[in-house]
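Fold and geometry: a report
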Amino acid sequence: MDSCSHMSSSRKSWLPLTIGLLKLHPYCEKCGAVKNVSSDKGKNTGYFVNSLNELKRFLEKKGYKVSQSQIRLIVKEFEGKGLNDVYSVSFSMQKNEFVKIVKKYIRVSEETIASFV
Ligand SMILES: [Zn+2]
């Protein structure tokens, strides 16, 4: 995934919404990414790093050790998938994918992970 700095075009494009209506959306004139204009705004990587640290503290109280390299791998995969792109990715999508990634590296239930996001 590239790391476009995103610059909204002055023009907008019509995109179908899930309810079947069309709505004008701004998009990036450099890469064409469509801007997320819903109230479900994405959060920066730092937010998810905090979640990971809270999950780590929680698990360590239960005697399960989480290493810094596990955390680094999770963050790397999260950013590698472009999920830190707050221009176009919604928070609910970030959360959904974050839970799946964390589960690959830390053996804990999705519910537990989600409760820290
Ligand atoms: Zn862009």
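Residues numbered from 1 in each chain as written. Predicted model: local features only at pLDDT ≥ 70, side-chain atom pairs only at ≥ 80, totals over all residues.

Structural notes on the domain arrangement of the chain
Here the chain is partitioned into domain 1 (1–35) and domain 2 (38–114). In this structure, domain 1 and domain 2 have C-alpha centres spaced 26 Å apart. Contacts between domain 1 and domain 2 engage 6 residues on the former and 5 residues on the latter. (Domains from an automatic or database assignment. Contact = placed C-beta atoms within 7 Å.)

Observations regarding the nonpolar core
Phe48, Leu52, Leu55, Ile74, Phe78, Leu83, Val89, Phe98, Ile101, Val102, Ile113 and Phe116 form the largest nonpolar core, which has 12 residues in total. Within the residue set of this core, elements represented by two or more residues are helix H1 (45–61), helix H2 (68–80) and helix H3 (91–105). (Core = buried A, V, L, I, M, F, W, Y, C linked by C-beta atoms within 7 Å. Buried ≥ 20, exposed ≤ 12 C-beta atoms within 10 Å, placed from the backbone. Helix = DSSP H or I, 4+ residues; strand = E, 2+ residues; numbered from the N terminus.)

So, the packing of H2 against H3
Between H2 and H3, whose axes approach to 10 Å, the crossing angle comes to 145 degrees. Viewed along their axes, H2 and H3 form a crossing whose handedness is right-handed. Residue-level inspection shows Gln70, Leu73, Ile74, Glu77 and Phe78 of H2 in contact with H3, the latter providing Phe98, Ile101, Val102 and Tyr105. In the contact of H2 with H3, the residues fall into 7 nonpolar, 1 polar and 1 charged. (Axes fitted to C-alpha atoms, helices over the stretch in contact; angles between N-to-C directions. Left-handed = near helix turned anticlockwise from the far one by under 90°. Nonpolar A, V, L, I, M, F, W, Y, C, P; charged D, E, K, R; others polar.)

Thoughts on H3
Taking 1.5 Å as the rise per residue, H3 with 15 residues should run 21 Å; its terminal C-alpha atoms sit 21 Å apart, in good agreement. For H3, the set of buried residues is Gln94, Phe98, Ile101 and Val102. Along the axis of H3, the buried positions cluster into a sector of 100 degrees, meaning they face one direction only. Within H3, the exposed residues directed more than 90 degrees away from the buried face are Ser92 and Lys104. For H3, the secondary structure elements touched by its buried residues are H1, H2 and helix H4 (110–114). (Expected span 1.5 Å × (residues − 1). Arc of directions from axis to C-beta.)

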